[in-house]
Amino acid sequence: MLKGFAKYIRPHRGLFFLDLFCALLVGVADEFMPMMVRQMINTYVPDQNWQMMVRICIALAAIYLVKLGLNLIINYWGHIFGIRLQADMRRDLFAHIETLPVSYFDTHKTGAIMSRITNDLQEISEMAHHGPENIFTSAVMLVLSAILLARINAELTIIVYCTLPLAVLFVMLIRGRQLHAFEMNRIKIGEINADVETSVAGIRVTKAYSGIDKELKKFNHANGEYQASASKAYKYLALFNSGMIFFTDLMYVVVIIVGGMFFFQGKINSGDFVAYLLYISMFLTPIKKLVDTFEQIVQGATGYKRFNELMHVPGEQDDDGASDAGCLAGDIAFNDVSFHYGEKGEDEDDEKEQVISHLDLHIKKGETVALVGPSGGGKSTICNLIPRFYEIDGGSITIDGRDIRTMTRESLRRNIGIVAQDVFLFNGTIAENIAYGTDHAGMNDVILAAKKAKIHDYIVSLPNGYETNVGERGLRLSGGQRQRISIARVFLKNPQILILDEATSALDNATEMQIQTSLDELSEGRTVLVVAHRLSTIRNANEIAVLTSQGIQERGTSQQLLEQKGIYWHLYQYQFAK
Ligand SMILES: Nc1ncnc2c1ncn2[C@@H]1O[C@H](COP(=O)(O)OP(=O)(O)OP(=O)(O)O)[C@@H](O)[C@H]1O
Ligand SMILES: [Mg+2]
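Residues numbered from 1 in each chain as written. Chains lettered and ligands numbered in written order. Predicted model: local features only at pLDDT ≥ 70, side-chain atom pairs only at ≥ 80, totals over all residues. Heavy atoms only, no water.

Looking at the overall build of the protein chain
- Helix and strand counts for the protein chain come out as 20 helices and 10 strands.
- Since a compact globule built from 578 residues should have a radius of gyration of about 25 Å, the 35 Å found for the protein chain marks it as more spread out than a globular shape.
- With respect to the three principal axes, the spread of C-alpha positions in the protein chain is 120 × 50 × 50 Å.
- Within the span of the protein chain, comprising 578 residues, buried residues form 45% of the whole.
- For the protein chain, contacts bridging at least 24 residues in sequence account for 78% of all contacts bridging at least 6.
- For the protein chain, the accessible surface area stands at approximately 30000 Å², while carbon and sulfur atoms represent 60% of it.
- Side chains of the protein chain give 55 positive and 64 negative charges; the mean places of these two sets differ by 5 Å. (Helix = DSSP H or I, 4+ residues; strand = E, 2+ residues; numbered from the N terminus. Rg over C-alpha atoms; globule rule 2.2 N^0.38 Å. Buried < 20%, exposed > 50% of the residue type's maximum accessible area, 1.4 Å probe, protein only. Contact = heavy atoms within 4.5 Å. Areas by Shrake-Rupley, 256 points an atom, 1.4 Å probe, with all protein chains shown as cover. Lys, Arg positive; Asp, Glu negative; His and termini not counted. Charge placed at Lys NZ, Arg CZ, Asp CG, Glu CD.)

Shown next as structure tokens:
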């Protein structure tokens, strides 16, 4: 784990060591003052050596001035180091998330992924520089003050240090519980985040179904749980902080009593006595710092553990020996394909879970095959298997006779254009959204694509035309407009293989017919898999497959299927006989 972490520190090691070096010097700088005061009380004051007193003060001021510079470096460049480290890790994490398979996002909450990329990384970077800084300063201060104190009077030093195990014991007793409580806190906050995220995303549904009370109840529950866990965490925090302050106070008492006795017996003089008192605070500061750092390190380490876990979720990796698919002609064949969603491996032979079972389907180059059938039959699933969004359990899918697993995903997907049931637009301009997925598309190409998708006229009617921002997820556009933009996207991409999963379902009849002509045009000479509920749009398909949960029940041209008087015929009667 450390090795992986060192990889991120290495590029910024200059800053890292500068930070550590300065922290070390700050630790040393603090040790001067009690010694100087001791010298003053013991020698210069009785001697009334005014000159030396002034000199000492000037020296002290100079030391503090240097310390100011050092602290500036630590606080500024230390954080810069942290930020750079964080940025590097975030870049890698984001890049990795982009490679994760679609199935990962089926089962992981966006909120959780968000907190990985923000909170966790923040904590890691804080740990990465404050940790070593504080450990260094504290260690230096502890060791130096112990040496300096022992040089004044070893006996007294040992007695003072004897109270230390008590403090350590106390720290160990409370700290664990406190950390646990804060960890719970974080989990609860994560739940609140996830709640807010889904509530905001689903605000329309909430309003439409008068679900505000329900959302409030859900949220208040999570909020209440957070409150409870936070209260517990702060109970330990209060105990801990107050306890630590009490220990400091206790040490003063010890020094005052024992030191007073030593002073009485003439074992130490007044200067030593004062130096002792001053060192006590110098001595407890690093302990408190170490304890705080311990917490930071634990948090950073758990953050890093989670970072590592996510980084080790296998991304989509091309199979060994996979090569570029090049320009595919588009002869697609499903050979005995079985598939089910979820974890692979355990219950593979559980037939109930299979969404697709031993499916054979051939979409010849340049032909159009339509899938029809009841909802949930697996039509969209089949569409998702061609660009390899999911891995099949058995059988094979080939394009031009070549197993798609022997192609790099990127090159495979380059050959495929998808217009899906649910359209996703990115926050950005209309032009950007149309050009998404096509490198080096000029404005003229974008306009041409928009014209083909019958959206150009609408776009130019907008005040900002193609530069209009579509809003988050394209929410500023109507469903049909979004759909047409996604169709324009495919027109621009101009792929050999087309997958139309209810591409026109969001459109009114008139527009659907208009776009249908464009889609027919686009389909010309390409291989098309089309899913449609409205049978009028697929009447001309070369083959129609009726897919139910039992698999493909009927296949043939529209004419042939009508003659069979089976499921297709029933669907047809239902839609047209009215
Ligand atoms: N991401 C997923 N994770 C788990 N199960 C899924 C997922 N997507 C779909 N399913 C399940 O797989 C089955 C087939 O779904 P699919 O979306 O392929 O149906 P469909 O034929 O396209 O239906 P529709 O006509 O309603 O679009 C359904 O039972 C569905 O619950
Ligand atoms: Mg579907």
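Some remarks on the domain arrangement of the protein chain
- Along its sequence, the protein chain is carved into domain 1 (2-311) and domain 2 (424-494).
- Just the C-alpha atoms count here: the centres of domain 1 and domain 2 sit 51 Å apart. (Domains from an automatic or database assignment.)

Quick look at the site of ligand 1
- Taken together, 14 residues lie near ligand 1, and Ser375, Gly376, Lys379, Ser380 and Thr381 sit nearest.
- Separating an oxygen atom of ligand 1 from a side-chain N or O atom of Ser375 is a distance of 2.5 Å.
- One of the side-chain N or O atoms of Thr381 is found 2.5 Å from an oxygen atom in ligand 1.
- Compared with its free state, where it exposes 630 Å², ligand 1 has 63% of that area covered by protein.
- Per element, the largest residue contribution to the shell around ligand 1 is three residues, and it comes from helix H12 (residues 379-385).
- Looking at the shell around ligand 1 residue by residue, the classes come out as three nonpolar, eight polar and three charged. (Near = heavy atom within 4 Å. Polar contact = N/O pair within 3.5 Å; in protein donor to acceptor, adjacent residues only side chain to side chain. Nonpolar A, V, L, I, M, F, W, Y, C, P; charged D, E, K, R; others polar.)

Description of the pattern of salt bridges
- Inspection of the entire model under this criterion finds 21 salt bridges.
- Between Arg388 and Glu391 there is a salt bridge, and its shortest N-O distance comes to 3.1 Å.
- On the basis of relative accessibility, which here comes to 4%, the residue Arg388 falls in the buried class.
- Salt bridges sharing common partners tie together Glu316, Asp318, Asp319, Arg388, Glu391, Arg409 and Arg413. (Salt bridge = Lys/Arg side-chain N within 4 Å of Asp/Glu carboxyl O.)

Some words on the packing of helix H3 (residues 32-47) against helix H11 (residues 270-311)
- Their axes nearest at 8 Å, the elements H3 and H11 cross at an angle of 165 degrees. As summarised for this structure, H3 and H11 are arranged roughly antiparallel, according to the angle between their axes. Considering how the two elements wind past one another, H3 and H11 form a crossing that is right-handed. Contact with H3, carried on its side by Met33, Pro34, Met35, Val37, Arg38, Ile41 and Asn42, involves Ser270, Gly271, Asp272, Val274, Ala275, Leu278, Tyr279 and Met282 of H11 and no other residues of that element. (Axes fitted to C-alpha atoms, helices over the stretch in contact; angles between N-to-C directions. Parallel < 35°, antiparallel > 145°, perpendicular 65-115°, else oblique. Left-handed = near helix turned anticlockwise from the far one by under 90°.)

Quick word on the sheet that holds strand S1 (residues 332-339)
- Taken in spatial order, the four strands make up an open sheet running S2-S1-S4-S5, and their pairing is antiparallel. Edge positions in the sheet fall to strand S2 (356-363) and strand S5 (402-403), since each has one partner strand and no second.
- Here S1 pairs with strand S4 (residues 394-399) via five bridges, running antiparallel. For Ile332, the partnering residue across the bridge sits in S4 and is Ile399. (Pairing = 2+ DSSP bridges.)

What to know about the pairing of S4
- With two bridges joining them, S4 and S5 adopt antiparallel strand pairing. From the neighbouring strand, Thr398 faces S5, where its bridge partner is Asp403.
- Here S4 hands over to S5 after two residues, with Asp400 in that stretch at a positive phi of 55 degrees.

Notes on the side chain of Glu126
- Structurally, Glu126 is set in helix H6 (residues 110-152).
- Buried charged residue Glu126 carries no salt bridge. Nearest counter-charge: Arg90, at 11 Å.
- Residues contacting Glu126, with those up to four places away along its chain left out, are His79, Gly131 and Gln296.

Considering the packing of helix H8 (residues 164-201) against helix H10 (residues 212-264)
- As a packed pair, H8 and H10 sit with axes 8 Å apart at the nearest point and diverge in direction by 160 degrees. The angle between H8 and H10 falls in the class roughly antiparallel. In terms of crossing hand, the pair formed by H8 and H10 is left-handed.
- Taken together, the residues of the contact of H8 with H10 break down into 25 nonpolar, six polar and nine charged.

Remarks on the sheet that holds strand S10 (residues 551-556)
- Sheet architecture is open: six strands sit in the order S6-S7-S8-S3-S9-S10, paired in mixed fashion. Edge strands, defined here as strands with exactly one partner in the open sheet, are strand S6 (416-419) and S10. Across this sheet, the average inter-strand angle for adjacent strands is 15 degrees, counted without regard to direction.
- Here five bridges tie strand S7 (residues 497-501) to strand S8 (residues 527-531), and the two strands are oriented parallel to one another. Counted as the bridge partner of Ile499 is Leu529 from S8.
- Contacts between helix H17 (residues 479-493) and the sheet are confined to S6 and S7, with S6 contributing the most and set at about 170 degrees to the helix.

Looking at the nonpolar core
- In this structure, Ile430, Ile434, Tyr466, Leu500, Ile538, Ile544 and Tyr568 are the most contacted members of the largest nonpolar core, which totals 43 residues.
- The greatest single-element share of this core, amounting to six residues, is contributed by H17.
- Beyond its immediate stretch of four places on either side in the chain, Tyr568 contacts Val372, Leu535, Ile544, Val546, Glu554, Ser558, Leu561 and Leu562.
- Formed by 34 residues, the second largest nonpolar core is a distinct cluster that contains Met141, Ala233, Phe262 and Ile287. (Core = buried A, V, L, I, M, F, W, Y, C linked by side-chain atoms within 4.5 Å.)

Examining the packing of aromatic side chains
- Applying the stated rule across the entire model yields 18 aromatic pairs.
- Between the aromatic rings of Phe170 and Phe240, the centroid separation amounts to 6.3 Å while the plane-to-plane angle is 10 degrees, which identifies the pairing as stacked. Here Phe240 lies in helix H10 and Phe170 lies in helix H8, a separation of 70 residues in the sequence.
- With a relative accessible area of 18%, Phe170 lands in the buried category. (Phe/Tyr/Trp six-rings, centres within 6.5 Å; stacked < 30°, edge-to-face > 60°.)

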